[in-house]
Amino acid sequence: QVHFVESGGGLVQPGGSLRLSCAVSGSILRIYDVGAMGWYRQAPGKYRELVALITSGGSTNYADSVKGHFTISRDNAKNTVYLQMNSLKPEDTAVYLCYASVNMDYWGKGTLVTVSS
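Source: prediction; values computed, not measured.

So, about the overall build of the protein chain. Looking only at helices and strands, one finds zero helices and 11 strands in the protein chain. Relative to a compact globule of 117 residues, whose C-alpha radius of gyration would be 13 Å, the protein chain shows 14 Å and is just as compact. Expressed along its principal axes, the backbone C-alpha trace of the protein chain runs to roughly 45 × 25 × 20 Å. Counting over 117 residues, the protein chain shows a buried share of 42%.

For the rest of this paragraph, the subject is the side chain of R41. Its place among the elements puts R41 in strand β4 (residues 37-42). One polar contact links R41 to S65, side chain to side chain, over a distance of 3.4 Å. A distance of 2.9 Å separates polar atoms of two side chains, one belonging to R41 and the other to Y96.

This paragraph deals with the state of the cysteines. Any covalent bond linking the sulfur atoms of two cysteines counts as a disulfide. In the structure shown here, the tally under the stated rule is one disulfide. Put simply, C22 and C98 are joined by a disulfide, and their sulfur atoms are 2.0 Å apart. On the sign convention where negative means left-handed, the S-S torsion of about -90° between C22 and C98 marks this disulfide as left-handed. Note that C22 is positioned in strand β3 (residues 18-25) and C98 in strand β9 (residues 94-102), a separation of 76 residues in sequence. In this structure, C22 and C98 share a single accessibility class: buried.

This part is about the pairing of β4. Among the six residues that make up β4, five are buried, leaving the element largely enclosed by the rest of the structure. Here β4 pairs with strand β5 (residues 49-54) via five bridges, running antiparallel. For R41, the partnering residue across the bridge sits in β5 and is E49. In sequence, β4 turns back onto β5 through a hairpin of six residues, with G45 there showing a positive phi of about 75°.

Let us now look at the nonpolar core. Inside soluble globular proteins, nonpolar side chains tend to come together where they are buried. By size, the foremost hydrophobic cluster in this structure holds 32 residues, and its most contacted members are W39, L83, M85 and Y96. Broken down by secondary-structure element, the contributors of at least two residues to this core are β3, β4, β5, β7 (70-75), β8 (80-85), β9 and β11 (111-115). Top element by residues in this core is β9. It accounts for five residues.

Criteria and cut-off values
Residues numbered from 1 in each chain as written. Predicted model: local features only at pLDDT ≥ 70, side-chain atom pairs only at ≥ 80, totals over all residues. Heavy atoms only, no water. Helix = DSSP H or I, 4+ residues; strand = E, 2+ residues; numbered from the N terminus. Rg over C-alpha atoms; globule rule 2.2 N^0.38 Å. Buried < 20%, exposed > 50% of the residue type's maximum accessible area, 1.4 Å probe, protein only. Polar contact = N/O pair within 3.5 Å; in protein donor to acceptor, adjacent residues only side chain to side chain. Disulfide = S-S within 2.5 Å. Pairing = 2+ DSSP bridges. Core = buried A, V, L, I, M, F, W, Y, C linked by side-chain atoms within 4.5 Å.

Structure, rendered in structure tokens:
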């Protein structure tokens, strides 16, 4: 089992910034290394969508809608992934779920980001 500690969500005005953090732990990490980590999001009434992924080697992949204003990073020693979100728009409002590949795919419960004036 993989445990997630997600933080950093909240209410922000359009144009503002937030930084999400997600730390992964669990006994399974004694057996398997953490592979790709990242963030998905799900807005009300919409499907879950990929926001950004980062491999253990630092390669990144972003959804077209966030390229240029979101940046993903990770600290492998801490099994932690970050998402710096700048120039936030109302359409970025969603529950943001942390993702980690540890032999199989796992998702956290999410943290709510609300962009509104």
